[in-house]
Amino acid sequence: MLLDQRHLPEDVVYLECRSAADVAGAIRALAVRGAPAIGVAAAYGYALAAARGEDLGDAAATLLASRPTAVNLSWALAEMRSAGSDPAALAACARRLHEHEVERCRRMAAHAADLLDPGTRALTHCNAGALATGGVGTALGAIREGFARGLVEHVLVDETRPLLQGARLTAWELERAGVPHTVVADAAAGSLLARGEVSAVLTGADRIAANGDTANKIGTYPLAVLAAHHGIPFYVVAPSSTVDLDTASGDDIPIEQRDPAEVTARFPAANPAFDVTPAALVTAIITEEGVHREPYAASLAALGRGREEVRS
Ligand code: MRU
């Protein structure tokens, strides 16, 4: 059962998936989205395939093909593939993977909140919260932890065109959590930073390359450029399951190109769903293991990716 994010914030609707193909369809259609949540959903989809006696190779291939950029998808499937084929063992493995992502959220939120000053006015992009992770969130988890500590005063929420993950999902989460927030058009960020209305930018990530280059929702890179120009910290908050040591740099990260009709059905359109922020523009990457700073290669390489935890 998935909370179908396409209906938020108006309606809370659950989607029942009965096969790996159903789960892959839900991921492709963004019923479930956000890098860690995609990985968790794929793990449950794989366990579901085992329970139904589906061919596990086909199930993994179907799930893997659902979206290209978030590395959590291939990471979660590799974890599941290494856990054998017993349905009960795979169900337990998926639950463990989920629990570990929840725990990673809690730990990275605490580390990231340590970087925030009293009176922080945070700006965030897309949705990097509970909906995107299954736990408290990555960037939004850090903001919520900062609010709980009395450090975050207000949150500016980029609406996140074209599918409005900020205006629909992040605002919904902040409203439910009682955190003061204001939705702004993506294009408003520059003038807000210039006017001193933002003290830190925090985003999640879909894939962090070995050198620290970071793919995240389209519109993240311009925020990093603006933050550097205005001398404001730009923090990427993500679990180790989003770090892809097999991808050397951002040039090698596959960028999802979605249906142009999501932008406009009337005119020719392009719809790249992610962009890449060069490591040099990132003030710090915060994972569950702590705060990583430039040069990123050494500290990211040292990250344990939790494989043995999930199987144990
Ligand atoms: O297309 P989406 O909604 O799956 O994109 C999600 C993002 O870009 C998030 O910022 C990212 O997955 C980090 S979520 C903790």
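Keep in mind the model is a prediction, meaning the values are calculated, not measured.

Visitor: Can you explain the nonpolar core? Please cite residues and give values.
Guide: The biggest cluster of nonpolar side chains holds 34 residues, and the ones touching the most others in it are Ile 27, Val 32, Tyr 46, Leu 63, Met 80 and Leu 90. Of all elements in the fold, only α1 (20-28), α2 (35-51), α3 (56-64), α4 (72-81) and α5 (87-113) reach the threshold of two or more residues within this core. It is α2 that contributes the most residues to this core, eleven residues altogether. Not counting the four nearest positions on each side in its chain, Leu 90 is found in contact with Tyr 46, Ala 47, Ala 50, Leu 56, Met 80, Ala 83, Gly 84 and Ser 85. Of all hydrophobic cores here, the second largest spans 24 residues; its members include Phe 234, Ala 238, Ala 279 and Ile 285.

Visitor: Could you give an account of the environment of Asp 114, naming the residues involved and the relevant values?
Guide: By the secondary structure assignment, Asp 114 is in the loop between α5 and β3 (120-124). Accessibility expressed as a relative area gives 54% for Asp 114, which makes it exposed. Along the sequence, Asp 114 and Ala 142 sit 28 residues apart, while their C-alpha atoms lie 9.0 Å from each other. A polar contact of 2.6 Å, which involves the side chain of Asp 114, links it to the side chain of Arg 149.

Visitor: Please provide a residue-by-residue account of the sheet that holds strand β9 (residues 234-237), values included.
Guide: Strand order across the open sheet formed by seven strands is β5-β4-β3-β6-β9-β12-β13, with mixed pairing between neighbours. Taken across any chain shown, the strands that pair with only one partner, and hence form the sheet edges, are β5 (181-184) and β13 (290-292). Ignoring which end each strand starts from, the neighbouring axes of this sheet average 25° apart. Pairing between strand β12 (residues 284-287) and β13: three bridges, direction antiparallel. By the bridge assignment for β13, Thr 287 is matched with Gly 290. Here helix α8 (residues 165-177) sits on the sheet in contact with β3, β4 (152-158) and β5, set at roughly 160° to β4.

Visitor: For the domain arrangement of the protein chain, give the residues involved together with the corresponding values.
Guide: Considered domain by domain, the protein chain is made up of domain 1 (2-103) and domain 2 (107-311). Computed over C-alpha atoms only, the centres of domain 1 and domain 2 are separated by 22 Å. Contacts between domain 1 and domain 2 engage 32 residues on the former and 35 residues on the latter. At the boundary of domain 1 with domain 2, total buried surface from both sides reaches about 2900 Å², with 53% on carbon and sulfur atoms. Taken together, the links from domain 1 to domain 2 amount to one salt bridge. Across the salt bridge formed by Glu 256 and Arg 67, the nearest N and O atoms sit 2.7 Å from each other. When contributions to the side of domain 1 that touches domain 2 are tallied by element, the ones reaching two or more residues are α2, α4 and α5. Per-element accounting of the side of domain 1 that touches domain 2 gives the leading share, eight residues, to α5.

Visitor: Which residues make up α5, and what values go with them?
Guide: With 27 residues, α5 ought to run about 39 Å at 1.5 Å a step, and its terminal C-alpha atoms sit 39 Å apart, in line with that. Residues Leu 90, Cys 93, Ala 94, Leu 97, His 100, Glu 101, Arg 104, Cys 105, Met 108, Ala 109, Ala 112 and Ala 113 constitute the buried set of α5.

Visitor: Please provide a residue-by-residue account of the side chain of Thr 287, values included.
Guide: Within the secondary structure layout, Thr 287 lies in strand β12. With a relative accessible area of 0%, Thr 287 lands in the buried category. A distance of 3.1 Å separates a polar atom in the side chain of Thr 287 from the backbone nitrogen of Glu 289. Within the structure, Thr 287 has its side chain in polar contact with the side chain of His 292 (distance 2.8 Å). Among residues more than four places away in sequence, those in contact with Thr 287 are Met 108, His 111, Ala 238, Ser 240, His 292 and Leu 303.

Visitor: I'd love a proper account of the site of the ligand, names of residues and values included.
Guide: Near the ligand there are 18 residues, and of these Arg 33, Ala 35, Arg 67, Asn 216 and Lys 217 occur at the shortest range. Within the backbone of Gly 34, a nitrogen or oxygen atom sits 3.0 Å from an oxygen atom of the ligand. Take Asn 216: an N or O atom from its side chain is 2.7 Å from an oxygen atom of the ligand. In isolation the ligand exposes 420 Å². Once the protein is present, 99% of that is buried. Of all the elements in the fold, those that place two or more residues in the shell around the ligand are α2, α6 (130-133) and β8 (214-217). In terms of residue class, the shell around the ligand is built from seven nonpolar, seven polar and four charged. Residues lining the shell around the ligand come from more than one domain, with at least three contributed by each of domain 1 (2-103) and domain 2 (107-311).

Visitor: So what's going on with the side chain of Thr 214? Which residues, and what values?
Guide: Residue position: Thr 214 is located in strand β8. On the accessibility criterion, Thr 214 (2% relative accessible area) is buried. From its side chain, Thr 214 meets the backbone oxygen of Gly 212 in a polar contact 3.0 Å long. In contact with Thr 214, not counting residues within four places along its chain, are Ala 205, Arg 207, Ile 208, Val 236, Asp 275, Val 276, Thr 277 and Ile 285.

Thresholds, definitions, all that
Residues numbered from 1 in each chain as written. Predicted model: local features only at pLDDT ≥ 70, side-chain atom pairs only at ≥ 80, totals over all residues. Heavy atoms only, no water. Core = buried A, V, L, I, M, F, W, Y, C linked by side-chain atoms within 4.5 Å. Buried < 20%, exposed > 50% of the residue type's maximum accessible area, 1.4 Å probe, protein only. Helix = DSSP H or I, 4+ residues; strand = E, 2+ residues; numbered from the N terminus. Contact = heavy atoms within 4.5 Å. Polar contact = N/O pair within 3.5 Å; in protein donor to acceptor, adjacent residues only side chain to side chain. Pairing = 2+ DSSP bridges. Axes fitted to C-alpha atoms, helices over the stretch in contact; angles between N-to-C directions. Domains from an automatic or database assignment. Buried area = accessible area lost by both parts, 1.4 Å probe. Salt bridge = Lys/Arg side-chain N within 4 Å of Asp/Glu carboxyl O. Expected span 1.5 Å × (residues − 1). Near = heavy atom within 4 Å. Areas by Shrake-Rupley, 256 points an atom, 1.4 Å probe, with all protein chains shown as cover. Nonpolar A, V, L, I, M, F, W, Y, C, P; charged D, E, K, R; others polar.

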